[in-house]
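Structural overview for review
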Amino acid sequence: MKKTFIEMKLFQVKPDKLEQFEAKIEEMTANQFKCEGCISLKYFKRFYTIDGVELGESPRELTKVVKCVKYYSYWEFDTKENYGKAIKIFFDNYNKVLQKMLISPFDINLGYSV
């Protein structure tokens, strides 16, 4: 199996910017999929936790926002070179507007699939 290059981002979104952020996800997704070498892309919003739950039981739904709502993205590429081109486009198009919706800059983790 060929290893792919993967990026995971964590977005900590301000509670009053959730609708705006989710609308921006729609726009970003359409453009991110067009990037050369993109294999897959997924976003998800953290709704559940296993804190305080017995193993084997269903996760517990989060009931209140403390300081932010966490969203994650998983972006997969055929090569790190294609990822490099794509992330430049992403930053050029979205970094400035996204930073206004976040409590801190998004966290990026990179690596090859195992």
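The text that follows walks through the structure, step by step, so that each part is easy to find. (Residues numbered from 1 in each chain as written. Predicted model: local features only at pLDDT ≥ 70, side-chain atom pairs only at ≥ 80, totals over all residues. Heavy atoms only, no water.)

**A few points about the overall build of the chain**
The condition that has to hold: Helix numbering and strand numbering both begin at the N terminus, where a helix is a DSSP run of H or I of at least 4 residues and a strand a DSSP run of E of at least 2. Note on classification: 1.4 Å probe, protein chains only; a residue is buried when its accessible area is under 20% of the maximum for its type, exposed when over 50%, partly exposed between these limits. We call two residues in contact when some of their heavy atoms are within 4.5 Å. Calculation of accessible area relied on Shrake-Rupley with a 1.4 Å probe; when residues are assessed, cover is drawn exclusively from the protein chains displayed. Only four residue types enter the tally: Lys and Arg on the positive side, Asp and Glu on the negative side, with His and both chain ends excluded. Each charge is placed at NZ for Lys, CZ for Arg, CG for Asp and CD for Glu.
When you go through the chain residue by residue, the secondary structure sums to 2 helices and 6 strands. The helix and strand sequence of the chain, counted from the amino end, reads β-α-β-β-β-β-α-β. With the C-alpha coordinates aligned to their principal axes, the bounding extent of the chain is approximately 40 × 35 × 20 Å. When the 114 residues of the chain are sorted by exposure, 37% land in the buried category. Taking as baseline every contact in the chain between residues at least 6 positions apart, the subset at least 24 positions apart corresponds to 77%. Within the structure as shown, the chain displays about 7,700 Å² of accessible surface, and the carbon and sulfur contribution to it stands at 55%. Across the chain, the mean location of the 19 positive side-chain charges is 5 Å away from that of the 16 negative side-chain charges.

**A few points about the packing of helix α1 (residues 18–32) against helix α2 (residues 80–99)**
In plain terms, the rule: The axes used here are C-alpha line fits, helices contributing only the stretch in contact, and every angle between their N-to-C directions lies in the interval 0 to 180 degrees. Here is the rule for angles: anything less than 35 degrees is roughly parallel, anything more than 145 is roughly antiparallel, 65 through 115 is roughly perpendicular, and the remaining ranges are oblique. Classes in brief: Ala, Val, Leu, Ile, Met, Phe, Trp, Tyr, Cys and Pro nonpolar; Asp, Glu, Lys and Arg charged; the others, Gly included, polar.
Across the interface, α1 lies against α2 with an axial gap of 12 Å and an inter-helix angle of 175°. What the angle tells us is that α1 and α2 run roughly antiparallel. Across from Phe21, Lys24, Glu27, Met28, Asn31 and Gln32 in α1, the residues of α2 making contact are Phe90, Tyr94, Val97 and Leu98. In the contact of α1 with α2, the residues fall into 6 nonpolar, 2 polar and 2 charged.

**Here's the deal with the nonpolar core**
What counts, and what does not: Only buried residues count toward a nonpolar core, which is a set of Ala, Val, Leu, Ile, Met, Phe, Trp, Tyr and Cys residues joined through side-chain atoms within 4.5 Å.
Ranked by size, the top nonpolar core spans 24 residues in total, and within it Phe11, Phe21, Tyr71, Trp75, Phe90 and Leu98 carry the most contacts. Elements that contribute at least two residues to this core include exactly β1 (5–13), α1, β2 (38–45), β5 (69–77) and α2. Here this core takes 6 residues from α2, the largest share from any one element.

**Some details on the packing of aromatic side chains**
The description of an aromatic ring pair rests on the distance of the ring centres and on the angle between the ring planes. For clarity, the cut-off: Any two of the Phe, Tyr and Trp rings considered here, Trp counted by its six-membered ring, make a pair once their centres fall within 6.5 Å; the pair's planes then place it as stacked at under 30 degrees, edge-to-face at over 60, or tilted in between. Any Lys NZ or Arg CZ that is within 6 Å of a ring centre and within 35 degrees of that ring's normal is treated as a charge sitting over the ring.
Using the criterion set out here, one finds 15 aromatic pairs in the structure. Between the aromatic rings of Phe11 and Phe21, the centroid separation amounts to 5.2 Å while the plane-to-plane angle is 55°, which identifies the pairing as tilted. You can see Phe11 sitting in strand β1 and its partner Phe21 sitting in helix α1, a full 10 residues away along the chain. The class for Phe11 is buried, based on a relative accessible area of 0%. Directly above the aromatic system of Phe106 lies the positively charged group of Lys9, at a separation of 5.9 Å from the ring centroid.

Just distances and angles here, no functional claims.
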